[in-house]
Amino acid sequence: MNDKPIPLDEKHPSGPVTVGDLVITVDRDLCIGAATCIAAAIKAFAIDEDQKSIVLNSAHEEKREHLLEAVRSCPTGAIKVREAVK
Ligand code: SF4
């Protein structure tokens, strides 16, 4: 069936991970697996076997505006972003 999604960082599948100029973290305690983040940014997010959102290894291919839309669309505010330190 579906291939297992590959996280950007195997040790920290829900972040914090740096994608472009953003550092993304999904708070797994807040995530309810609603998947609206995937609808907004399908290359960046997937649901793992625990029904929690992870940041994919293809996240760099996602548009920044889609990443921010995913943050806005999460019903529980589980996705946190901050500017990466250059
Ligand atoms: S939209 Fe929020 S609650 Fe839903 S899967 Fe994504 S991070 Fe989790």
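Refer to the structure above for everything that follows.
This report concerns the structure included in the present document.

Thresholds applied
- Residues numbered from 1 in each chain as written.
- Predicted model: local features only at pLDDT ≥ 70, side-chain atom pairs only at ≥ 80, totals over all residues.
- Helix = DSSP H or I, 4+ residues; strand = E, 2+ residues; numbered from the N terminus.
- Contact = placed C-beta atoms within 7 Å.
- Near = placed C-beta within 6 Å.
- Nonpolar A, V, L, I, M, F, W, Y, C, P; charged D, E, K, R; others polar.

The omega angle of the peptide bond from Gly15 to Pro16 is 10°, so this bond is cis rather than trans. By the secondary structure assignment, Pro16 is in the segment before β1 (17-19). Of note in the backbone geometry, Ala35 takes a positive phi value of approximately 70° without being a glycine. Structurally, the position occupied by Ala35 is in the loop between β2 (22-26) and α1 (36-40).

Time to look at the environment of Val17. Its location among the elements puts Val17 in strand β1. Between the alpha carbons of Val17 and Pro7 there is a distance of 9.8 Å; along the sequence they are ten residues apart. With near-sequence residues (within four places) excluded, Val17 lies in contact with Leu8, Asp9, His12, Ile24 and Val55.

This part takes up the site of the ligand. The immediate surroundings of the ligand are formed by 14 residues, with Cys31, Ala34, Cys37, Ser53 and Cys74 found nearest. For the shell around the ligand, the residue count by class is ten nonpolar, four polar and no charged.

As for its placement among the helices and strands, Pro75 is situated in the loop between α2 (64-73) and β5 (79-83). A sequence separation of 67 residues divides Pro75 from Leu8, and the C-alpha atoms of the two residues are 23 Å apart. Other than its neighbours up to four places away in sequence, Pro75 contacts Ala34 and Thr36.

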